Amino acid sequence: MSNPYQEALGRTLIERTFRERIDRPRTDRDRYCYVDVVAGERTRASGLDTDLARPQLIVEAALRCFERWGVSRTRMEDIAREAGVARTVLYRYFSSRDDLQLAVIVRHIDRRAAEVHSRIPRRGSSRALIMRVLLEGLGGTSDAETVSVLGPDVVHRTASLISESPEVAAAMSRYWEPFLRYAARRGELRTDREIDEIVRWLTMIVFLFLTLPEVVPSGVQLPRYLEHYVVDAIVVDAARIR
């Protein structure tokens, strides 16, 4: 059986060791990282940091670093320290910062998808439904997580990851497919459009508007623009079918 006193003593020694290592932080980067290094060691000491959980912990650490310093100024050693793991452990799961940026993007899409799916019921007109999902995707984009992966210093690299990555394509499919298949069941999805093609088109439109907000139509013009130039390309009115 585990001894609570020995476990507490072990945690104290871990914390003391890491305090001694960075007792005199050389930069603000070191000062920021200290608390999370200790927290990461506590997690491992309590047996919670398993091979299944560790990649997620690393991705969350990468996101914190990206939010703090920006993607381009974050080093792999910063992420390792933030996650409380050795660099060799970090590279076991992620071979580069691009891999981590990609993982953060996929995580962000999946989290947004879960929010949208829970908030927007699939009922009624497919046209109104897809319009609402589009507006939802274009809203709430000022949070630190979105800014960190779509900032001007990394926007071109992010564009490459989004256009080339099968992981991002799969995440965007998870985001959009429930709504598109709902439209197809109602007979309102254009029959000359493949769902994969529609997802790519919607991904491109949303990414363009998120990264170039100055080109986004303002006020009431935005729903009108989306209806005529995006939604009309995807669905037809039920009245036209009958």
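Quick caveat: nothing in here was measured; it's all calculated off a predicted structure. (Residues numbered from 1 in each chain as written. Predicted model: local features only at pLDDT ≥ 70, side-chain atom pairs only at ≥ 80, totals over all residues. Heavy atoms only, no water.)

Enquirer: Is there a simple way to think about the packing of helix α7 (residues 126-138) against helix α12 (residues 221-229) in this case?
Expert: When two helices pack together, you describe them by how their axes are tilted relative to each other and by the distance separating the axes. The N-to-C vectors of α7 and α12 enclose an angle of 125 degrees; their axes lie 11 Å apart at closest approach. By the criterion of interaxial angle, the relationship of α7 to α12 is oblique. The handedness of the crossing between α7 and α12 is right-handed. Between α7 and α12, the contacting residues are Arg127, Met131, Leu134, Leu135 and Leu138 on the first element and Leu222, Pro223, Leu226 and Glu227 on the second. Of the residues assigned to the contact of α7 with α12, the class counts are seven nonpolar, no polar and two charged. (Axes fitted to C-alpha atoms, helices over the stretch in contact; angles between N-to-C directions. Helix = DSSP H or I, 4+ residues; strand = E, 2+ residues; numbered from the N terminus. Parallel < 35°, antiparallel > 145°, perpendicular 65-115°, else oblique. Left-handed = near helix turned anticlockwise from the far one by under 90°. Contact = heavy atoms within 4.5 Å. Nonpolar A, V, L, I, M, F, W, Y, C, P; charged D, E, K, R; others polar.)

Enquirer: Would you mind showing me how to read a nonpolar patch on the surface here?
Expert: Together, Leu208, Leu212 and Val215 make up a nonpolar patch on the protein surface, roughly 220 Å² of accessible area in all. Mapped onto the elements of the fold, Val215 is located in the loop between α11 (195-211) and α12. With relative accessibility at 45%, the residue Val215 sits in the partly exposed group. (Patch = residues over 30% accessible without salt bridge, like charges linked within 9 Å, V, L, I, M, F, W, Y side chains within 5 Å. Areas by Shrake-Rupley, 256 points an atom, 1.4 Å probe, with all protein chains shown as cover. Salt bridge = Lys/Arg side-chain N within 4 Å of Asp/Glu carboxyl O. Buried < 20%, exposed > 50% of the residue type's maximum accessible area, 1.4 Å probe, protein only.)

Enquirer: Explain the packing of helix α9 (residues 155-164) against α11 to me, please; I cannot follow it from the model alone.
Expert: One way to put it is that α9 packs onto α11 with a least axis distance of 12 Å and a crossing angle of 170 degrees. What the angle tells us is that α9 and α11 run roughly antiparallel. Between α9 and α11, the contacting residues are Val155, Thr158, Ala159 and Ile162 on the first element and Thr203, Phe207 and Thr211 on the second. Grouping the amino acids of the contact of α9 with α11 by side-chain chemistry returns four nonpolar, three polar and no charged.

Enquirer: How should I be thinking about the nonpolar core in this particular structure?
Expert: Where a protein is soluble and globular, its nonpolar side chains tend to be buried together. Counting residues in hydrophobic clusters, the biggest one holds 63 residues, and the most contacted among them are Ile79, Leu90, Leu100, Leu134, Trp176, Leu180 and Ile234. Those residues in contact with Leu134 that lie beyond four places of it in its chain are Trp176, Leu202, Val206, Leu226, Val230 and Val231. (Core = buried A, V, L, I, M, F, W, Y, C linked by side-chain atoms within 4.5 Å.)

Enquirer: Help me out: how do you make sense of the environment of Asp110 in this one?
Expert: Assignment of secondary structure puts Asp110 in helix α6 (residues 97-119). Classification of Asp110 by relative accessible area gives partly exposed; the value is 27%. Non-local contacts of Asp110, meaning those with residues more than four positions away in its chain, are made with Ala171 and Arg174.

Enquirer: Could you clarify how one ought to interpret helix α4 (residues 76-83) in this entry?
Expert: What sets the pattern is the α-helix's 3.6 residues per turn: residues three or four places apart point alike. Burial analysis of α4 places six of its eight residues in the buried class, the great majority of the element. All of the buried residues along α4 are Met76, Asp78, Ile79, Ala80, Glu82 and Ala83. Of the residues trailing α4, Gly84 is marked for its positive phi of about 75 degrees.

Enquirer: It is not clear to me how the pattern of salt bridges should be interpreted in this structure. Could you clarify?
Expert: Side chains that carry opposite charge are capable of pairing whenever their charged atoms lie near each other. On inspection of all chains with the given rule, the structure shows 15 salt bridges. Note that Arg127 is salt-bridged to Asp232, the shortest N-O span being 2.7 Å. Within this pair, whereas Arg127 is found in helix α7, its partner Asp232 is found in the loop between α12 and α13 (238-241), the two being separated by 105 residues in sequence. Its relative accessible area of 22% is what places Asp232 among the partly exposed residues.

Enquirer: Explain the environment of Ser126 to me, please; I cannot follow it from the model alone.
Expert: Residue position: Ser126 is located in helix α7. For the pair formed by Ser126 and Asp237, sequence separation is 111 residues and the distance between their alpha carbons is 8.3 Å. What Ser126 contacts, discounting residues up to four positions off in sequence, is Tyr182, Ala183, Arg186, Glu188 and Val235.

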